[in-house]
Amino acid sequence: MKRVTVKVAVKNPEELEQRMRDINLEFEPVRYQHDRVYIPRGYVRGRNLPRMTMRTEMMSADKPALYKLILKRHIEDSGIEITDRTVVRDYAEMVNMIHQLGFVLGAEVSRRRKRIKLSETSRIYYDTVDGLPTPYLKIETALDDKDKVSDVMADLKRTLTLFHLGKEELSQESYFEMIQKNAIMNNK
């Protein structure tokens, strides 16, 4: 599936939540997610290489975890991210297959995610990511063949302005890249 995403740091979470209440948007209950992000050997950002993620997702402690395999490939010059996902029953066997394909563990990302389903193709995510100083708001829309990427991107940016966001620089980095960069900066 092809997607377009915008993501921005949220400097004032209380203000964001108030703005959402003002326009009658309410998040679903929090989801706890832990991702193990696997990258090809020699991975370099900007080369359109795929990443594979094994996600463990829990809605609550009294329900079983859900395991998903997610393949992502960001096509830098187009603004499109190709994403495919499937539920996995045998986590250990799937990780073994990922290693056999030549992928290596690049990072682990733990987050608490809230979401709002805007439509069948669009979602808002509010992510509090371990290892990052601020939460992030992410809006994502699936594309169909008739959509023009620039129009969809402009629409997503306009949506950010409803929450008084988007004046800040949008982040193109994945959470695992941000965590790695933040860890390096904190060790200096």
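Higher on the page you've got the structure.
Residues numbered from 1 in each chain as written. Predicted model: local features only at pLDDT ≥ 70, side-chain atom pairs only at ≥ 80, totals over all residues. Heavy atoms only, no water.

1. Things to note about the pattern of salt bridges
Counted under the stated rule, the structure contains 18 salt bridges. In this structure, glutamate 81 engages lysine 72 in a salt bridge whose closest nitrogen and oxygen atoms are separated by 3.8 Å. A residue is classified by how much of its surface remains accessible, and glutamate 81, at 13% relative accessible area, is buried. Residue glutamate 173 is joined to lysine 181 by a salt bridge in which the shortest nitrogen-to-oxygen separation is 2.7 Å. Overall, lysine 181 belongs to the partly exposed group, its relative accessible area being 41%. (Salt bridge = Lys/Arg side-chain N within 4 Å of Asp/Glu carboxyl O. Buried < 20%, exposed > 50% of the residue type's maximum accessible area, 1.4 Å probe, protein only.)

2. Structural notes on the sheet that holds strand β2 (residues 31-40)
What the eight strands build is a closed barrel, ordered β1-β5-β4-β3-β2-β6-β7-β8; its pairing is antiparallel. Within this sheet the neighbouring strands show an average axis-to-axis angle of 35 degrees, counted without direction. Judged from the seven bridges that link them, strand β3 (residues 51-58) and strand β4 (residues 66-75) form a sheet pairing that is antiparallel. The residue bridging glutamate 57 from the neighbouring strand is leucine 66, located in β4. The strands touched by helix α2 (residues 91-100) are β2, β3, β4 and β6 (103-117); relative to β3, the strand with the most contacts, the crossing angle is about 165 degrees. Along the sheet, helix α3 (residues 149-162) makes contact with β1 (2-9), β5 (80-87) and β8 (136-142), crossing β1 at roughly 30 degrees. (Pairing = 2+ DSSP bridges. Helix = DSSP H or I, 4+ residues; strand = E, 2+ residues; numbered from the N terminus. Axes fitted to C-alpha atoms, helices over the stretch in contact; angles between N-to-C directions. Contact = heavy atoms within 4.5 Å.)

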